[in-house]
Amino acid sequence: MTVRLADIVMQYPGTRALDHVDVDFLFSEVHGLIGENGAGKTTLVSILGGSKQPTSGTIAIAGVETVLASAGDALAKGIAHVSQEGSLVPGLSAAQNILLGDEPRLGLGIIDTRALRRRAAELLDRWFPQVAIDLDAAVDTLPMADQKVIEIVRALRGEIRLLILDEPTATLPAREKENLWRIIRSLPPRGVGVVLVSHFLSEVKALSDRITVLRDGRHVTTLPSAEVSEAQLVDFMLQRAGKTAVAIGENGDGARAAGETVMEIADWHVGGVRVDRFAIRAGEIVGLIGLTGAGHFGFARSLYTGEGFLSGSTVFAGQPLARPDARSMKARGVAFIPDHRMENSLIGEWSVRENLAMVHPHAGAHAGVLSMGLEEKAARAAMALFNVKAHSPEQRIQDLSGGNKQKVSIGKWLYGAPERYRLMIFVEPTEGVDIGAKREIHRHIHRLAAEGTAIIVASSDLMEVADIADRVVPFVQGQAARALSRAEFSESRFIAAMAGDPK
Amino acid sequence: MTAQARPLVEAKEASSRKSRDQWLLKYSTLLALFLLFAGFALTVDRFLTASNLLNIVQQISMLTIVGAGLTFGFAAREMDLSVGYTVGLSGILVPLMLISGVPLPIALLGAVAAGFAVGAINSMLVTLIGIPSLIATLATGSILYGINFMSTGGRAIYGGLPDGFLFLGQGQILGIPVLAYAMVLFVLVAWFLMERTIFGRYIYAVGGNLKAAELSGVNGRFYRSAALVVCSLFAAMAGALLAARLGSGQPNAGERYLLDGLATVFIGMTMIRPGTATVTGTFFGALFIGVINNGLNLVGMDTYVQSIVKGLIILVAVAIVSRTTKLKLL
């Protein structure tokens, strides 16, 4: 018995989220679904769960072609979707949450609380007799794993044959994960198939009978979990068509003279990330790589903002400091160019000039008083330096192309040409940027390093990192692994390192 | 290829349509103001007379000052609902001080101090404790209301106010009310701060994209606080001038400045940079409200009708702004 998705295409304006995907999900298996962000996993499970309609393609349940018109329709046809964010109502009890929207009534809309309590207990006992949960407790006071179980029990309320679990363990502490894993494994023998979407490869590999890999909206492969290693899975997720090896750029040969240590940290615990030791020297470009959720982006950001900082020692330019924060790090000569530029870096309604002047407005002002003339001159200089294509400095930033926006996002740190930075931290420096702008940005990063700035580049673009970095630190599930030197750069090496292969 | 080309063309047409809408929007409010003015001038006898026009200026001067202060709050995306009672607070504090013999300059400094204190409390509640400004200032407004009435027993404070003080609210220099000079002074200061200083730029930055501003090294907490302090400071100064105009301190005189003040900012947000509160826009907004209040008064409409008309105007202004721009109020 299967649900079969055949030749599914999902076309959005300008992008194709799914490109002729064929997969079948058995009611007797845990089916892992993996891929990097943007690979199409979310779109695929939304179609399977009925909340999105494909542009073209067919869906067949047990061989009968059907349409899943809405999430409710899919539910009626036996497919339930437990989303990542959670859909419990805090304040209501676990039992009330299990039967939310299907409460037993006494008539006149009055809820039969005793019958509700009894039916919730029956449901929990029928599906997971080994689990003890206080059904009267407010659901938000329960451990995270128990909350997930409550959501799953609610999803299994009807005649469900296929359960979609979207990142079910993402919010769970490690010790609670195993309980949930047992629960997931217990479903297929009882005729409920599971579609497991997860960023944790080891988890997918351990739980799944078969694994499907998506990449850039295409179906890469579906194969039995036992026949594939984690490193191979990473390979499937990342490998770009026609490229088998990372092309090592012509620029770096390790000849750059590394200067004194700029920033050095030890025993850092920040958010879900632990780094025993990390140091960077003047003029050095260090790349941070990892799978989605490995923690490299958060780590790069925390070096500037201190976000999520729990413990650890930090030395910057020879001076110890308690924990970083944006203003003091900026004062020490650190620049931070974040990912998601419209959200983290630019003000959409502002002009190019105003955006450029955000970091160092003093360059266009006398004693705190802005001079439009000075500002325009400084803005034009920054635009020329970065080759920003806009009608004028007065054009609104949101009307520029992605590449030009990104150049402004970087250029605003260099507006007014302040003295050189000690450290510049880039996250996804060429996200959504065309190839020409990408080359220019890479050239600037090299120039800045050559002038003695230490540079950190956290990127999901392996080619980019291989091309510009002197050294690469792979992150695996919140831990920094052994750094790779330039001589060791190769796509297979990167992929093995990101999969946690200790070689 | 054609499948992709068509949405692009449509997007372009939509964006040019949008920019034309915005152009219309920028000037439609000014046009409406002009038509309103012309309408009253043609139909109401006593409207277009020098004394009535000066009267309008006097009537809107306090409102403009309150509105200019609120503009800082809106720019930083913080709402101050306590301004009306802050007007009232300083409107009774200054006469009280004067009657008990405090010299005028010191009494005015007292108004500044009161405004600063209210602003500091509001901003602590908002930026340190994390209460949304809409709710924090609603509560502090209620507290101020109580203080205003308790401290006066609900009665007006009058008699024995020095001439110098009354001159501020009722006198003229070169045939123009002193209040008009005060209004112009405050508007110019506010405009300069907002449009020509790093201080104002950063207030707009924390309102435009707080995360981007903070990641650029801007002290978000400071500038959000500063915006709320300016709201209260300007309201307190308006309160002192209001007492001078009325020749007495009245505990409930400030109340209408909240709604009218918000109205000036909302109307102002339809022009200059649509969707953004600007000092110039607020000034025209105050003029709009002033002309309506005055004209309806002359026609003999009672205040309840005026209240309905103003409510409708606020709705129209906010509807226009939120349909044509990405209005971000809260």
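From a predicted model like this one, the values you see are computed outputs, not experimental measurements. (Residues numbered from 1 in each chain as written. Chains lettered and ligands numbered in written order. Predicted model: local features only at pLDDT ≥ 70, side-chain atom pairs only at ≥ 80, totals over all residues. Heavy atoms only, no water.)

Chemist: Break down the nonpolar core for me, citing the residues and quoting the values.
Modeler: Core analysis: the biggest nonpolar cluster contains 91 residues, and A:Phe278, A:Leu288, A:Phe299 and A:Leu423 have the highest contact counts within it. Apart from residues no more than four positions distant in its own chain, A:Leu288 is found in contact with A:Phe278, A:His296, A:Phe299, A:Ala300, A:Ile456, A:Val457, A:Ala458, A:Ser459, A:Val473 and A:Phe475. (Core = buried A, V, L, I, M, F, W, Y, C linked by side-chain atoms within 4.5 Å. Buried < 20%, exposed > 50% of the residue type's maximum accessible area, 1.4 Å probe, protein only. Contact = heavy atoms within 4.5 Å.)

Chemist: Give me the lowdown on the packing of helix H7 (residues 178-196) of chain B against helix H8 (residues 198-208) of chain B, citing residues and values where you can.
Modeler: Each pair of packed helices can be described by the angle between their axes along with the distance between the axes. Residue and element names in this part refer to chain B. Two elements in contact, H7 and H8, have axes separated by 5 Å at closest approach and are oriented at 70 degrees. Taken as axis vectors, H7 and H8 run roughly perpendicular relative to one another. Contacts from Leu-193, Met-194, Glu-195 and Arg-196 of H7 reach H8 at Ile-198, Phe-199, Gly-200, Arg-201, Ile-203 and Tyr-204. Considering only residue class, the contact of H7 with H8 consists of 6 nonpolar, 1 polar and 3 charged. (Axes fitted to C-alpha atoms, helices over the stretch in contact; angles between N-to-C directions. Helix = DSSP H or I, 4+ residues; strand = E, 2+ residues; numbered from the N terminus. Parallel < 35°, antiparallel > 145°, perpendicular 65-115°, else oblique. Nonpolar A, V, L, I, M, F, W, Y, C, P; charged D, E, K, R; others polar.)

Chemist: Let's hear about the sheet that holds strand S4 (residues 56-61) of chain A: which residues, and what values?
Modeler: All names here are of chain A. Here 4 strands make up an open sheet; going across it, the order is S2-S1-S4-S5 and the pairing antiparallel. At either end of the open sheet lies a strand with only one pairing partner, and these are strand S2 (15-26) and strand S5 (64-66). Adjacent strand axes in the sheet meet at a mean angle of 25 degrees when their direction is disregarded. Taken together, the 8 bridges between strand S1 (residues 2-12) and S2 define a ladder with antiparallel strand orientation. From the neighbouring strand, Thr-2 faces S2, where its bridge partner is Leu-26. Against the sheet, helix H1 (residues 41-48) contacts S1, S2 and S4, and its axis sits at roughly 55 degrees relative to S2. (Pairing = 2+ DSSP bridges.)

Chemist: How would you sum up the pattern of salt bridges? Please name residues and give values.
Modeler: Residues and elements named next belong to chain A. Overall, the coordinates contain 29 salt bridges over all chains when judged by the stated rule. Glu-284 serves as the salt-bridge partner of Arg-471, at 2.8 Å between the closest nitrogen and oxygen. With Arg-471 in strand S23 (residues 471-476) and Glu-284 in the loop between strand S14 (273-281) and strand S15 (285-290), this residue pair connects regions lying 187 residues apart in the sequence. Note on Arg-471: relative accessible area 21%, which makes it partly exposed. Residue classification places Glu-284 among the buried residues on the basis of a relative accessible area of 11%. (Salt bridge = Lys/Arg side-chain N within 4 Å of Asp/Glu carboxyl O.)

Chemist: Which residues make up the domain arrangement of chain A, and what values go with them?
Modeler: Residue and element names in this part refer to chain A. The assigned domain composition of chain A is domain 1 (2-238), domain 2 (258-333 + 421-503) and domain 3 (346-419). One C-alpha centre belongs to domain 2, the other to domain 3; they are set 26 Å apart. Between domain 2 and domain 3, the residue contacts involve 15 residues of the former and 14 residues of the latter. When the two sides are added together, the surface that domain 2 and domain 3 hide from each other amounts to roughly 1200 Å², 65% of it contributed by carbon and sulfur. One can count 1 salt bridge joining domain 2 with domain 3. The salt bridge partner of Glu-440 is Lys-407, with a shortest N-O separation of 3.1 Å. At the boundary of domain 2 with domain 3, the tally comes to 7 residue pairs in polar contact (both at pLDDT 80 or more). At 6 residues, the largest contribution of residues to the side of domain 2 that touches domain 3 is made by helix H15 (residues 435-450). Looking at the side of domain 2 that touches domain 3, its residues break down into 8 nonpolar, 2 polar and 5 charged. (Domains from an automatic or database assignment. Buried area = accessible area lost by both parts, 1.4 Å probe. Polar contact = N/O pair within 3.5 Å; in protein donor to acceptor, adjacent residues only side chain to side chain.)

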